[in-house]
Amino acid sequence: MIQGTGSDAGKSLLVTALCHALHRRGIRVAPFKPQNMALNSAVACDGGEIGRAQAVQAMAAGLAPHTDMNPVLLKPTGEMGAQVIIHGRAWRI
């Protein structure tokens, strides 16, 4: 588990490197980030949206990106708002 509170500190890059290194050694790994706030998203194998970092981490681990790897994605829409993506699909109030 990699934890941290600061943004842009390199946590996602470190996890990507660890996923790749472990995968190359034959160890089964998978990325997971329960909640992510990011403008950049990627399409998962099940058609939903996940954070781009989690998609890259999945590929580094030899896996297809899946919405289970990032079940809650918040996409900022301005200073005070965000689009909420739950299990890859936009959620509306």
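In this report, the structure presented in the accompanying data block is examined. (Residues numbered from 1 in each chain as written. Predicted model: local features only at pLDDT ≥ 70, side-chain atom pairs only at ≥ 80, totals over all residues. Heavy atoms only, no water.)

Focus: helix 1 (residues 11-24)
Each α-helix turn comprises 3.6 residues. Residues three or four places apart therefore point the same way. To keep things clear, this is the line we draw: Numbering goes from the N terminus for both helices and strands, where a helix is a DSSP run of H or I of at least four residues and a strand is a run of E of at least two. Expected span of a helix: the number of residues minus one, times 1.5 Å. Any residue under 20% of the maximum accessible area for its type is buried, any over 50% is exposed, and the rest in between are partly exposed; the area is computed with a 1.4 Å probe on protein chains only. Summarising the geometry, the arc corresponds to the directions from the helix axis toward the C-beta atoms. What makes two residues a contact is simply this: any of their non-hydrogen atoms within 4.5 Å.
Along its 14 residues, helix 1 runs 20 Å from first to last C-alpha, staying within 8% of the 20 Å computed at 1.5 Å per residue. Where helix 1 is concerned, the buried positions are Val15, Thr16 and Cys19. Looking straight down helix 1, one finds its buried side chains confined to an arc of 105°; they lie on one side. Exposed and facing more than 90 degrees away from the buried side of helix 1 are Leu13 and Arg24. On its buried face, helix 1 sits against helix 2 (52-60).

Looking at the sheet that holds strand 5 (residues 82-86)
Selection criterion: Two strands make a pair as long as DSSP finds a minimum of two bridges between them. In this analysis, axes come from line fits to C-alpha atoms, helices being fitted only over the stretch in contact, and the angle between any two N-to-C directions falls in the range 0 to 180 degrees.
Pairing is mixed in the open sheet, where four strands are placed in the order 1-4-5-6. Pairing within the sheet leaves two strands with one partner each, and these edge strands are strand 1 (35-37) and strand 6 (89-91). Neighbouring strand axes in the sheet, compared pairwise and without regard to direction, differ in orientation by 30° on average. Bridge count for strand 1 against strand 4 (residues 72-76) is three bridges, and the pairing is parallel. Its bridge partner lying in strand 4, Gln35 is registered against Val72.

Observations concerning the side chain of Asn36
The condition that has to hold: Side-chain atoms alone can form a polar contact between residues adjacent in sequence; in general such a contact is a pair of N or O atoms within 3.5 Å, and within protein one must be able to donate a hydrogen while the other accepts it.
Tracing the backbone shows Asn36 in strand 1. Here Lys33 takes part through its side chain, which lies 3.4 Å from a polar atom of the side chain of Asn36. Excluding residues that lie within four positions of it along the chain, Asn36 makes contacts with Gly51, Gln54, Asn70, Val72, Leu73 and Leu74.

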